[in-house]
Amino acid sequence: MTPLILTLCLLASLASCRREQRQLRHSPQASTRTGGIVRDAELQPGQPWPEVTVRNVSEERAWDLNEGQRLYRAYNCNGCHANGGGGMGPALMDESWIYGSHPENIHDVIVEGRPNGMPSFGGKIPDYQIWEITAYVRSMSGLVPKLAATGRTDHMQTKISEQSKKEEK
Amino acid sequence: MRLVFDILVTLAMIASLTLYFRGVRSTKARVYEPIAFAAGWLTIFAALVGPMDTLSDVLFAVHMTQHELLMIVAAPLIVIGRPMIYGLWGLSPSARANVLAITRAPAVLKTWRAITGPVVVLIVHAIVLWAWHIPFAFEGALHNETIHAVQHLMFFVTAALFWWAIIQGRYGRLGYGVAVFFVFATAMHTSILGALLFFAHGRWYPSYHSMEDQQLAGLIMWIPSGLIFIVAGLALFAAWLGESERRAKASSFTTLLMLLLFCACANEYRGDRIAEARQLTGGEPERGKTAIQRYGCGTCHTIPGVPGAKATVGPPLDQIGVRTYLAGHLINTPANLMKWIRAPQSIDPKSAMPDMFVTERDGRDIAAYLYTLK
Amino acid sequence: MTSSSYQDALHPAGPYANTIVGVWWFYLIVCTIVFVAVWIALFIAIRRARRRVEPDTLAPRAPRAMMLALAATTGLLLAMLVSSIAGARALSPQGKAVTREIQVTGHQWWWDIQYLDERSDHIAQTANELHVPVGERVRIILASSDVIHSFWVPNLHGKRDLIPGQKSIFVIQADKAGLYRAQCAEFCGLQHAKMAFIVIAEPKHDFEQWLATMRASAAQPKTADEQRGQQVFLSTSCGMCHAIKGTSAGSRVGPDLTHVGSRRTLGAAVIPNNRGNLSGWIADAGGVKPGVLMPPNPLDPDDLHALVAYLESLK
Amino acid sequence: MIDLELHVQLAETWRKPRGLWGWLTDNHHTTIGMNFIVTSFVFFLLGGIEAILMRTQLARPENHFVTNDFYNQLFTTHGSTMMFLFAVPMIEGLGIYIVPLMLGTRQMSFPRLNQFSYFSYLIGGLLLYAGFFLNFGPDAGWFSYVPLSGPEFAPGKRIDIWAQMITFTEIGSLGGAVSMIATIFKHRAPGMSLNRMPLFVWGELVTSFMIVFAMPAVMVASSMLASDRLIATQFFNKAEGGDVLLWQHLFWFFGHPEVYIIFIPGTTMMSTLVSAFTKRPVFGYVGMVLSLVATAFVGFGVWVHHMFATGLPELGLSFFTASSVLITIPTAFQVFSWIITIFHGKFIVRTPMLYVLGFLFIFVMGGLSGVMLASTPLDWQLHDTFFVVAHLHYVLIGGMLFPLIGALTYWFPKFTGKMMNETLGRWTFAFFFVGFNLTFFPMHNLGLHGMPRRVYTYLPTMGWNNLNMLSTVGAYVLGVGVLLFMANAVISLRSGAIAGDNPWGSFSLEWFTSSPPPPYNFLYLPTTRDRYEIWTMADDQPLVTGFRPDRREVLITKLMDAFPDHKIETPRPTIWPTLLAGATGIGVITAIFTPWGVPLGMLLAGIALTGWFWPKPPHHELLEEQP
Amino acid sequence: MSETAPVGRRFVDVSELPMFAFGPRDPIWWGLWLLLAIESTMFVLLASSYFYLRGNESTWPPPGVHQAPLWLTALTVVALLLSVIPTWWAFRAAIQFRLRPIQIGFLLGTLASAAACVTRAYELATIGYNWNSHAYGSIVWAIYFMHTFHLTSGTVENAVMTVLLFKGPVEKKLMPDIRLSCIYWWFVVVSWIPFWIVIMFDKS
């Protein structure tokens, strides 16, 4: 009986480990490194960016997503984007993405800033936090694994929580 | 308006007191019964007339104390005093007969049974208690004397019914164990209401201005009242244990064996039962039935087969043939039953059952009839 | 005062803690007597029982002994109850005039402290260091920005929870000048163990002087090093969370650093404030407090030294 | 010869299935009771290991034995384990095993409900430990205060696991309690009126009633928490009209009675042991019963004293202090009763009696520190410090674990037919007693000297170093005591002295049959006429006969006087309750990940219930339509 | 075929005792009432939470709350109340061992309870707020959930009983269970009334 249970536990651990992982101490490298793709220029003529997919591990970790949510408020992202509904800045919970919806696109937008008001946060926010915010931003439009998504916050609810009934729009 | 109510209350109370003590004089009451009644009566008087009532318009805590006095001090005390029996005896014989005629009407009896049913009293009292604390209702009572009077009446009456069911209804459907449970359940919901008042962030009733006042009112409902409930619950619990011991003592094993044999042999035919009853008592069941009507047993007891015998003053006598005890402590033998019918006070001086001067022959016949009830 | 008694309920330094300690000793004495009495009774019982071969029938004295014991218990309980209620009454903040109002807000895992004033520009803001004048009643207004914390200065008073969404009022008073340590007493997450602050009770004069300093804006950097430090502060991530009055840094996410150089401790009273600790804290706060919300800051060494110099200059 | 024949027939009718299948299907109360006892003991060991790890971490200041994150999981899992997976199930299991024997019956009222309860509890426990071993053990403390345990500050599935574990084990406790109450009311041997029941039975009865009224509160609370986290309800979100303190009210409305749920049976184990080893009835039977009932009653009204520091309206504090210290009086009555009983009895020094003395030392001290904590001023200073940790361990270990180990030693021959080794037993006690006091006494001082509870480390300058080290050493000594107890159990099981039917010469009916009891418990059911039946039993005391040996018939007696009333047929082994527990388990665990778990669980449970209640071929009297 | 007495002892022979009993004599009666006690405690705690949360708000229910239409909710209540009548017949007939009224009572009772389920489903679909809208929504939905759970399981139980009764053969032993089913169903009915009143009419 016991070996059976143990085996089951081990198997389950393979499936669950990442979502519950909590990185409580971050290396200095994670604070400085600026993203998966290093580019030469901020603006590039011609075709849009090639879609290079970067795996943002923060998207798979509930803790990181929750940190993203906290930082989103702490760094005053909601000042312009509100709670994802948009205001001075564009809405983040709808389907349209001006600069692409992939993690590296969003990451780059945060690092580099964009015309018409989006400041550059590169060097101001540690890189790992940018990835966390990226993950959270993507979670607002349901682009991350649902099981890891953040819960509702203990604040006024100005948007529908990631995990709640969606048809109430 | 207030004065009118004060006068009305006072008059009603004096009337009730007079009636009760007339009744007490004309029957043999246990010592503590009139005392309890008088104490309960005084509590009501203190709560409804005088400074407490005046203060209750200004101070919620006093108002709460007033309600608690009515519900958990006065009501049980009055119930212990058995107002219905003595009140009845306090009436003139003709009035008594009239009242009895009314109360013995099947509709009245049915209603009475329904509203004093164990679960019903619990729920009704709870509903009344909670419903009156709805701000709209409570405020209404504060601003209108009539509504206020209705509120107090409902508090008192449902509480009295509650206590009646658990204290006096014991030989009927309720054992003390259930009583303990009901006291516990009522203590729980009352204290939850008190706690809600105490923890409320705002004032429930605009007429009372102070937050502390409301908190104190909640506390009074919660803790001192809870204590009274605990004491009542423990007393009932002790009574439960005692009753269980009394019941068990009688079933010494000879009786136990006899009864089991009895159960096994007794068959369904009434003819056999009648023969058996005759054999046990030497009386005549059919004559017993008419004797029962003649002596008025049905005024207090529910007796199957006897027309109109549906009362709940005393214990119901159905299946008395298979009971272990009579009068709580007397082993159920024909001799004991006859003795009990003929001279109850010789067995239990505190019994409310009156001595009706039943003749020897009638006693035998009544016993015979009762023993056909299985 | 030894360093080991600066967070200690048995070394009261003010009237409230004193009241509590009074109740405590009374309770302790009564409880000790009860405990000893129970064991003496038990000892006698065992000695008697050991000598016996067969159990005896119930002695008529037993119920009386029980009644006596219960009566004694009730009496002692009443005595303790009276002392407790009297103590609670003495501790009540109601109707007590105070000289000052301080708002303490709990954050995961540090304390934001504001000295309230009618004039908004007179509000002094600091963190993890509470100064109070000796011999004066101070009203503390407690709030929380995230989870439940608990404000507890054992040498001055009992504890009071900081509950999100509600403000509670607490009055403390220190009679002896000195330094007392306070610690969060309600489990609040990863760094609950290292969420402390210090209370400094000082004579009124010193206190007023200190408060005046606190109200002022930050000192301007004087040396080149300090100037470069300020530059670093404003251009890197520091300003995203911290505020320094008089500069463009105004974020309220982390503790206010306007007078950080004058503080005795860092990281919510976890390490003493000195150059070495400050540098290490900036570089990698998580090394001292794993789970802390302040990220590691791998600054260029020169930048780091300049930053430390600047922060130390903020007296 | 007739006896032998009857034995063969009954043994066939009541045969317990063996092996894994037997474990899954058997519903006899001795099997279920033993399952509960063994499982909860395993959880006790796990909780103990967590405690040792925590003490190791705290042995020195700024220790790096475990991380803070893991430490938080440790103390949360430790508390939850000891409260929900050890104490209550152990008490229920012991009751399920012993109470029917004490009552002189062959089976409990609802055997399948018991079976369902056990497997619910097991699944709940496994769920918690699956989470713990997979690095998502809950980390918000065993009372999981919101908002720390809420959706914003506790991301991931850690707290969901905790909340669902609570729901699950509470279903188990409630089922066991219902079954226990019905059994005690209706299954007593003829003649065992209510006030002739052994006190242990009273303890189980009162505790079961408390479970019925207290556990729903924590189920409501944990469901609210889970739905706040999973479907974004707003029960505890102040900004949307919720309330943080609502959680504390609901939780402590359960949490305080929970303490009495745990220690009331402990006190009645004490009464049992005191009687058995002084050879005389406990003084003041009615008073003892009333004490239990009074404790239970009052226990529901004092939950607020856990919240003195939350800034409640000041007006109420004295009221709450007063009502809290009320508990002292019934408890004091019990303590005095035992002393009076010892005074008038013999004093037989056997291992269980040592635990009685240990209880009196530790529990009295714990009770007194409880009186201190009920005082508002002292509570403000002592609340949430190590003083509270010391107090609650003095009360719970003193009040429940010491009597329990004594009672397990006392009933070990009943379970196994072998005696436990006396010498080892005394050594065990010595390690327990010394280890316990060494561990927890210094914590009083630590609390007074300002050490808050639930800290994973402390600074070296705080002056707490020596006391903490002492406490850690004590924890290891206590751990050795537990190991000794287990060793003793294993050794005694293999080569202990044969016990015989009634090795202690004790009084209640569980000793009226062989040890261990046959699957049908009693060849002929006994009748009783006294509280201390075996001591006063007449030679010609009647027995009960007349059951069909080919069916599992059980006698039902009347509530008050235990007069034989009717018989019922109890079910044979069946898999369905286990499957129902599994179905509920699937539903509840799936609900952690998707709300669809709820309908899924209901569907599966519906299937299992259909199997459970599928009509069997009728073999009782049929109803015929009357003309 | 029953146990015989051991030689040389007195005995109590229970072989003639019946195999079932009604009311408090029956252990399952206790089981049911204890279950009801548990469920009532839950309902009471939910109600207490409702009133506790009520104290936090100045307007209650919060602005913008639209309840299900009153007539629809009243329809549920009416269906529930109507179901009491046939179940009452069954309840009475059970102790008299008369099969036909029990069958009819349960058939009609099941129909009424199924009707209540249907209207309840419409009710839930028309509630104009969500459980995540605010604490009011959360607690009211919780109450709805708890009661609907009991409503459904009560209806299923009624239906199963009806099937068993019509399918036969029916043992006499089933009669106490019939009465207990009725009691449970009445609990489902009665427990809803106060909540219905509170949800529909509690406004400030």
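Computed from a predicted model, the values in this text were never measured in an experiment.

What to know about the interface of chain D and chain A
Working step 1: Of the residues lining the interface, 27 residues belong to chain D; the matching set on chain A comes to 25 residues.
Working step 2: For the pair chain D and chain A, the summed buried surface comes to about 2300 Å²; carbon and sulfur atoms form 53% of the total.
Working step 3: For Glu152 of chain D, the salt bridge identified is with Arg73 of chain A, shortest N-O distance 2.7 Å.
Working step 4: Counting every contact that joins chain D to chain A gives 9 residue pairs in polar contact (both at pLDDT 80 or more).
Working step 5: Among the elements that take part in the side of chain D that touches chain A, helix H7 (residues 199-230) of chain D stands out by supplying 3 residues, more than any other.
Working step 6: Residues of the side of chain D that touches chain A, tallied by class, amount to 14 nonpolar, 5 polar and 8 charged.

Some remarks on the interface of chain D and chain C
Working step 1: Taken together, the contacts link 82 residues of chain D with 82 residues of chain C.
Working step 2: Between chain D and chain C, the buried area comes to about 7000 Å², and carbon and sulfur atoms account for 70% of it.
Working step 3: On inspection of chain D and its partner chain C, the count reaches 1 salt bridge.
Working step 4: In this structure, the connection of chain D to chain C is made through 17 residue pairs in polar contact (both at pLDDT 80 or more).
Working step 5: Elements supplying a minimum of two residues to the side of chain D that touches chain C: helix H4 (68-103), helix H8 (244-278), helix H10 (317-325), helix H11 (328-344), helix H12 (351-374), helix H13 (376-382) and helix H15 (422-448) of chain D.
Working step 6: When residues of the side of chain D that touches chain C are assigned to their parent elements, the largest contribution, 12 residues, is made by H11 of chain D.
Working step 7: In the side of chain D that touches chain C, the residues fall into 46 nonpolar, 24 polar and 12 charged.

Brief notes about the nonpolar core
Working step 1: Of all hydrophobic cores here, the largest spans 425 residues; its most connected members are Trp163 of chain B, Leu130 and Phe151 of chain C together with Trp202 of chain D.
Working step 2: Setting aside residues no more than four positions away along its own chain, Leu130 of chain C makes contact with Ile102, Ile113, Tyr115, Ile140, Phe151, Ile172, Phe197, Ile198, Val199 and Ile200 of chain C.

Some words on the confidence of the model for chain B
Residues and elements named next belong to chain B.
Working step 1: Here chain B shows a mean pLDDT of 79. Residues at 70 or above account for 86%.
Working step 2: The least confident element of chain B, judged by mean pLDDT, is helix H13 (residues 253-265) at 45; the most confident is helix H4 (residues 60-80) at 90.
Working step 3: Note on residues 258-269: pLDDT is under 50 here. Beyond four places in sequence and across chains, it has 11 contacts.

Observations regarding the packing of helix H2 (residues 70-95) of chain E against helix H3 (residues 99-126) of chain E
All names here are of chain E.
Working step 1: Across the interface, H2 lies against H3 with an axial gap of 8 Å and an inter-helix angle of 165°. Our classification of the angle between H2 and H3 gives roughly antiparallel. Here H2 runs over H3; the crossing is left-handed.
Working step 2: Of the residues that constitute the contact of H2 with H3, the class distribution is 18 nonpolar, 9 polar and 2 charged.

Some details on the pattern of salt bridges
Working step 1: Inspection of the entire model under this criterion finds 40 salt bridges over all chains.
Working step 2: In this structure, Arg152 of chain A engages Asp154 of chain A in a salt bridge whose closest nitrogen and oxygen atoms are separated by 2.7 Å.
Working step 3: Since its relative accessible area comes to 3%, Arg152 of chain A is described here as buried.
Working step 4: Among the salt bridges present, the one from Arg287 of chain B reaches Asp362 of chain B, with a minimum N-O distance of 3.6 Å. One end of the pair, Arg287 of chain B, is in helix H15 (residues 285-295); the other, Asp362 of chain B, is in helix H18 (residues 360-370), with 75 residues separating them in the sequence.
Working step 5: On the basis of relative accessible area, Arg287 of chain B is assigned to the partly exposed category, the value being 31%.
Working step 6: Take Asp362 of chain B: its relative accessible area is 6%, and that puts it in the buried class.
Working step 7: By sharing partners, the salt bridges in this structure join Arg22 of chain A together with Asp69, Asp139 and Arg158 of chain D into a single network.

Section: the environment of Trp252 of chain D
All names here are of chain D.
Working step 1: When you line up the elements, Trp252 lands in helix H8.
Working step 2: You can call Trp252 buried: its relative accessible area is 5%.
Working step 3: The sequence separation of Trp252 and Ala217 amounts to 35 residues, and the corresponding C-alpha distance is 8.6 Å.
Working step 4: The residues touching Trp252, leaving out its near neighbours within four places in the chain, are Trp142, Phe143, Tyr145, Pro257, Trp303, His306 and Met307.

Comments concerning the side chain of Lys96 of chain C
Working step 1: Relative to the helices and strands, Lys96 of chain C is located in the loop between helix H2 (61-91) and strand E1 (100-107).
Working step 2: This buried residue, Lys96 of chain C, is left without a salt bridge; Glu314 of chain D holds the nearest opposite charge, at 7.4 Å.
Working step 3: Within the local environment of Lys96 of chain C, its side chain forms a polar contact with the backbone oxygen of Ala90 of chain C, the two atoms lying 3.0 Å apart.
Working step 4: A distance of 2.6 Å separates a polar side-chain atom of Lys96 of chain C from the backbone oxygen of Ser92 of chain C.
Working step 5: Not counting chain neighbours up to four residues away, the residues in contact with Lys96 of chain C comprise Tyr16, Arg89, Ala90, Leu91, Arg137 and Arg139 of chain C.

Brief notes about a nonpolar patch on the surface
Residues and elements named next belong to chain E.
Working step 1: On the surface, a cluster of nonpolar side chains totalling about 910 Å² of accessible area is made up of Val78, Leu82, Ile85, Trp88, Trp89, Ile104, Leu107, Leu108, Leu111 and Phe166.
Working step 2: The set of elements that each furnish at least two residues to the nonpolar patch consists of H2 and H3.
Working step 3: Of the residues forming the nonpolar patch, the biggest block, 5 residues, is contributed by H2.

Looking at the environment of His444 of chain D
Residue and element names in this part refer to chain D.
Working step 1: One can find His444 in helix H15.
Working step 2: The buried category is assigned to His444, whose relative accessible area is 7%.
Working step 3: Discounting chain neighbours no more than four positions away, the residues touching His444 are Ser369, Phe387, Ala390, His391 and Tyr394.

Re the arrangement of the chains
Working step 1: The top pair by number of contacts, from a total of 8 pairs of chains in contact, is chains C and D.
Working step 2: What separates chain A from chain B at the closest point of their C-alpha atoms is a distance of 20 Å, and the two make no contact.
Working step 3: No part of chain C reaches chain E; the closest C-alpha pair between them is 11 Å apart.

Regarding empty space enclosed by the protein
It is a probe the size of a water molecule, rolled over the atoms, that shows where empty space is left.
Working step 1: Tallied over the full model, the rule gives 14 cavities of 30 Å³ or more.
Working step 2: Roughly 240 Å³ of volume is contained in the largest cavity.
Working step 3: In terms of lining, the largest cavity is formed by 20 residues, of which the most central are Gly226 and Ile230 of chain B together with Phe297, Phe300 and Gly301 of chain D.
Working step 4: Those elements that provide at least two residues to the lining of the largest cavity are helix H11 (176-199) and helix H12 (211-250) of chain B together with helix H9 (285-299) of chain D.
Working step 5: Of the residues forming the lining of the largest cavity, the biggest block, 6 residues, is contributed by H12 of chain B.
Working step 6: Class assignment for the residues of the lining of the largest cavity results in 16 nonpolar, 4 polar and no charged.

Let's talk about the sheet that holds strand E1 (residues 525-526) of chain D
Backbone hydrogen bonds are what pair the strands of a sheet, in a parallel or an antiparallel way.
Working step 1: The 3 strands lie next to each other as E1(D)-E2(D)-E1(E), forming an open sheet whose pairing is mixed. With one partner strand each, in any of the chains shown, E1 of chain D together with strand E1 (11-13) of chain E form the two edges of the open sheet.
Working step 2: In this structure, E1 of chain D lies alongside strand E2 (residues 543-545) of chain D, joined through 2 bridges in antiparallel fashion. Note on E2 of chain D: the bridge partner recorded for Pro526 of chain D is Leu543 of chain D.

Cut-off values and rules
Residues numbered from 1 in each chain as written. Chains lettered and ligands numbered in written order. Predicted model: local features only at pLDDT ≥ 70, side-chain atom pairs only at ≥ 80, totals over all residues. Heavy atoms only, no water. Contact = heavy atoms within 4.5 Å. Buried area = accessible area lost by both parts, 1.4 Å probe. Salt bridge = Lys/Arg side-chain N within 4 Å of Asp/Glu carboxyl O. Polar contact = N/O pair within 3.5 Å; in protein donor to acceptor, adjacent residues only side chain to side chain. Helix = DSSP H or I, 4+ residues; strand = E, 2+ residues; numbered from the N terminus. Nonpolar A, V, L, I, M, F, W, Y, C, P; charged D, E, K, R; others polar. Core = buried A, V, L, I, M, F, W, Y, C linked by side-chain atoms within 4.5 Å. Buried < 20%, exposed > 50% of the residue type's maximum accessible area, 1.4 Å probe, protein only. pLDDT = per-residue confidence, 0-100. Axes fitted to C-alpha atoms, helices over the stretch in contact; angles between N-to-C directions. Parallel < 35°, antiparallel > 145°, perpendicular 65-115°, else oblique. Left-handed = near helix turned anticlockwise from the far one by under 90°. Lys, Arg positive; Asp, Glu negative; His and termini not counted. Patch = residues over 30% accessible without salt bridge, like charges linked within 9 Å, V, L, I, M, F, W, Y side chains within 5 Å. Areas by Shrake-Rupley, 256 points an atom, 1.4 Å probe, with all protein chains shown as cover. 1 Å grid on protein atoms, 1.4 Å probe; cavity = no way out; pocket = protein on both sides within 12 Å on 5 of 7 lines; lining within 4 Å. Points joined across faces, edges and corners; volume = space filled by probe spheres on them. Pairing = 2+ DSSP bridges.

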